[in-house]
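Okay, here's what each chain looks like letter by letter:
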Amino acid sequence: MAKRIDVSGLSAFYGAHKAIDDISMTVEPRSVTAFIGPSGCGKSTFLRTLNRMHEVTPGGRVEGKVLLDDENLYGPGVDPVSVRRTVGMVFQRPNPFPTMSIYENVAAGLRLNGTRVRKSELDAVVEKSLQGANLWKEVKDRLDKPGAGLSGGQQQRLCIARAIAVEPQVLLMDEPCSALDPISTLAIEDLIGELKERFTIVIVTHNMQQAARVSDRTAFFNLAGVGQPGRLVEIDETARIFSNPSVQATEDYISGRFG
Amino acid sequence: MSGVTMDRTPVAGSGAPQPSYSLRQPRLPRWTPAALAAAAVAAGTGIGLGAGLSSHMQWGLIAALLYVAAMYVLATRVEGRRQAKDRLATSLVWVCFVLAVVPLVSLVWETISRGVKVLDVDFLTHSMGGVLTIRPGGGVYHAIIGTLEQVGIATAIAAPLGLLTAIYLVEYGRGRLAKAVTFFVDVMTGIPSIVAGLFILSFWIIMLDNGYSGFAGSMALAILMVPVVVRSTEEMLKLVPNELREASLALGVPKWRTILKVVLPTAIGGIATGVMLAVARIAGETAPIVLLVFGSQVINNNPFDGAQSSLPYYIYEQWAAGNEASYDRAWAAALVLIAFVMILNLVARGIARWKAPQSSR
Ligand SMILES: Nc1ncnc2c1ncn2[C@@H]1O[C@H](COP(=O)(O)OP(=O)(O)OP(=O)(O)O)[C@@H](O)[C@H]1O
Ligand SMILES: [Mg+2]
């Protein structure tokens with residue numbers, strides 16, 4: 001199921017503006033990798049290059065290679081649509097489909113793709129995904145109610161359920177807890193702990209404690225200067241990054257002595 | 001926590017010195033605007049009668065001016081300048097609203113009161129075939145059929161065309177081509193209906209040598225309808241948050257299915273409203289009908305062959321006939337046309353409400 005990601009020499013552009021420069025790293029399968037770094041250093045941009053969502057932005061362009069178990073996502077003939085089916089994504093702001101019920105939201109990935117599934121199978125997928133996202137107990141009696149009628153934290157877990165319903169191999173999460181209260185955050189962190197048994201997970205976060213709590217490895221990104229593209233400073237075992245990083249800038253950032 | 005509150009309560013209640021300013025300010029009683037409006041109308045009527053002004057419009061304008069001025073003076077006196085400005089703006093908005101509504105209400109009133117005279121089942125189910133225009137009798141059935149068919153065909157042409165154009169512009173359009181399309185849509189918006197009629201006349205009837213028909217009229221109506229549909233659909237599609245598109249794409253849904261299954265359903269209420277309003281707009285067009293459909297006294301159910309009538313054309317024709325019986329028929333047909341447009345509007349609102357995205361309620 002879970003796949004290894006190998007990035008080498010990756011740069012991403014918005015039109016003429018280079019947002020990230022020459023990033024290389026390896027993300028281990030069945031692990032959680034956290035991205036930390038100051039605002040605007042290109043964490044979201046980099047994350048979006050990992051499932052070819054970057055090119056959806058007008059002017060978005062990528063150079064370099066992203067290998068998913070030896071297959072280059074940016075190789076010739078690779079269909080971005082199938083890449084996105086393999087590499088799922090949860091966004092910073094919960095974005096359930098407003099025209100759909102809770103059930104339909106979770107089933108959206110299968111239904112929208114026109115996959116023919118029997119009702120009973122779909123029911124099973126929906127239940128499994130909602131259970132996987134820790135939301136089943138709260139919504140099992142109102143699956144036909146609009147998804148937008150849930151609380152923010154529930155909506156975010158609904159979006160996670162929607163993302164895992166299509167059984168991706170990698171799950172990218174861009175600050176999934178930034179709009180949530182501590183309890184929902186904890187629920188999602190627990191969930192990440194469970195999900196890493198099945199998926200390769202990459203999570204962007206501004207919360208150091210969160211990175212320390214949930215991740216196995218942590219990557220620190222930084223800007224060389226104003227107007228400069230973002231760079232990967234270092235990536236290492238989370239414990240090492242937080243206790244004894246090899247670069248001074250990482251230590252400064254983590255301990256709050258920054259800028 | 002509660003301890004703190006207990007501590008504070010006596011302090012707050014113990015008559016702490018009042019600050020020099022107060023949060024309370026003298027306010028005019030709530031009924032003031034209504035009372036003042038009544039007084040202004042009375043004064044306007046009085047002045048109008050006294051000065052012997054014949055036009056009721058003048059009475060109304062005097063009353064409106066009096067109302068705005070009096071409200072401002074009174075509010076300045078009692079409530080202070082800031083509140084007075086607020087009152088001034090509010091009363092101006094109200095006066096403008098009334099000025100806008102008066103013609104509309106009087107138009108509907110006039111049409112209903114004159115139109116009901118001959119409007120009955122017979123009128124709706126008979127044509128003018130074999131009826132002398134100077135005689136009472138006859139009906140609009142042939143014109144209703146004509147309008148329904150012509151407008152229906154025009155919609156069948158223009159709605160998909162406009163919808164697809166708008167989808168192209170919002171979802172795919174980049175660069176020169178999109179700019180050119182937008183420009184031409186803007187130009188088309190400004191085409192007078194008579195010009196659209198002339199174009200089809202020279203192209204379809206004169207050059208290609210087809211006869212007059214409802215279909216020829218439909219084509220001209222479609223030309224008028226397309227830009228309206230494009231514009232309204234474009235606005236509605238732009239309102240769909242980008243996050244929804246990205247959410248769908250990130251699930252591995254191809255772009256065309258994302259548009260079809262996520263973007264369009266989210267915007268369908270607004271799109272339907274836009275199409276209905278466009279239909280309402282072309283339902284009243286007369287010029288292309290005169291040029292291309294020719295007009296007829298008898299029922300012609302086939303829009304592709306031979307002259308037809310239509311409601312706006314019928315009104316024009318009956319009014320031009322210039323006698324008591326035809327005037328009555330013209331008003332009744334006008335009433336039918338207004339009712340048709342209103343029903344379309346109601347349907348559009350119904351669809352918009354029914355299809356509106358179910359958000360947190
Ligand atoms: N749609 C866009 N068009 C142009 N430039 C963009 C766009 N999105 C981001 N950028 C630029 O790319 C750079 C990186 O942005 P990105 O969103 O990846 O930062 P980030 O690390 O995710 O920041 P944050 O922590 O605030 O989310 C920034 O300089 C930003 O201005
Ligand atoms: Mg970001």
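Because the structure is predicted, anything quoted here is derived from the model rather than measured.

Colleague: Just to check I follow, could you spell out the layout of surface pockets for this structure?
Modeller: Any empty space left between atoms is shown by rolling a water-sized probe over those atoms. Approximately 520 Å³ is the volume found for the largest pocket. If you go around the largest pocket, you meet 20 residues; those closest to its centre are Val41, Gly60, Ala63, Ala64 and Val98 of chain B. Of all the elements, helix H3 (residues 56-79) of chain B adds the most residues to the lining of the largest pocket, at 8 residues. Partitioning the lining of the largest pocket into residue classes produces 16 nonpolar, 4 polar and no charged. Quantified by volume, the second largest pocket comes out at close to 400 Å³. Lining the second largest pocket are 17 residues, with Val56 of chain A together with Glu171, Arg174, Asn242 and Lys255 of chain B sitting closest to its centre. Listed by contribution, the elements that provide at least two residues to the lining of the second largest pocket are helix H2 (80-86) of chain A together with helix H6 (141-172), helix H10 (242-250) and helix H11 (255-283) of chain B. Considering every element that reaches the lining of the second largest pocket, the biggest residue donor is H10 of chain B, with 4 residues. Its residues placed into classes, the lining of the second largest pocket shows 7 nonpolar, 3 polar and 7 charged.

Colleague: Before we go on, may I ask you to explain the packing of H6 of chain B against helix H13 (residues 311-321) of chain B in this structure?
Modeller: Residue and element names in this part refer to chain B. Two elements in contact, H6 and H13, have axes separated by 8 Å at closest approach and are oriented at 140°. Contact residues: H6 offers His142, Ala143, Ile144 and Thr147, while H13 offers Leu311, Pro312 and Tyr314. When grouped by side-chain class, the residues that make up the contact of H6 with H13 number 5 nonpolar, 2 polar and no charged.

Colleague: Looking at this structure, I do not really get the site of ligand 1. What am I missing?
Modeller: Residues and elements named next belong to chain A. Inspection of the region around ligand 1 gives 13 residues, with Ser39, Lys43, Ser44, Thr45 and His206 positioned closest. Between ligand 1 and the protein, one listed contact pairs a nitrogen atom with a side-chain N or O atom of Tyr14 at 3.4 Å. Between ligand 1 and the protein, one listed contact pairs an oxygen atom with a side-chain N or O atom of His206 at 2.6 Å. Summarising the interface, the protein chains cover 62% of the accessible area of ligand 1, which totals 630 Å² for the free molecule.

Conventions used here
Residues numbered from 1 in each chain as written. Chains lettered and ligands numbered in written order. Predicted model: local features only at pLDDT ≥ 70, side-chain atom pairs only at ≥ 80, totals over all residues. Heavy atoms only, no water. 1 Å grid on protein atoms, 1.4 Å probe; cavity = no way out; pocket = protein on both sides within 12 Å on 5 of 7 lines; lining within 4 Å. Points joined across faces, edges and corners; volume = space filled by probe spheres on them. Helix = DSSP H or I, 4+ residues; strand = E, 2+ residues; numbered from the N terminus. Nonpolar A, V, L, I, M, F, W, Y, C, P; charged D, E, K, R; others polar. Axes fitted to C-alpha atoms, helices over the stretch in contact; angles between N-to-C directions. Contact = heavy atoms within 4.5 Å. Near = heavy atom within 4 Å. Polar contact = N/O pair within 3.5 Å; in protein donor to acceptor, adjacent residues only side chain to side chain. Areas by Shrake-Rupley, 256 points an atom, 1.4 Å probe, with all protein chains shown as cover.

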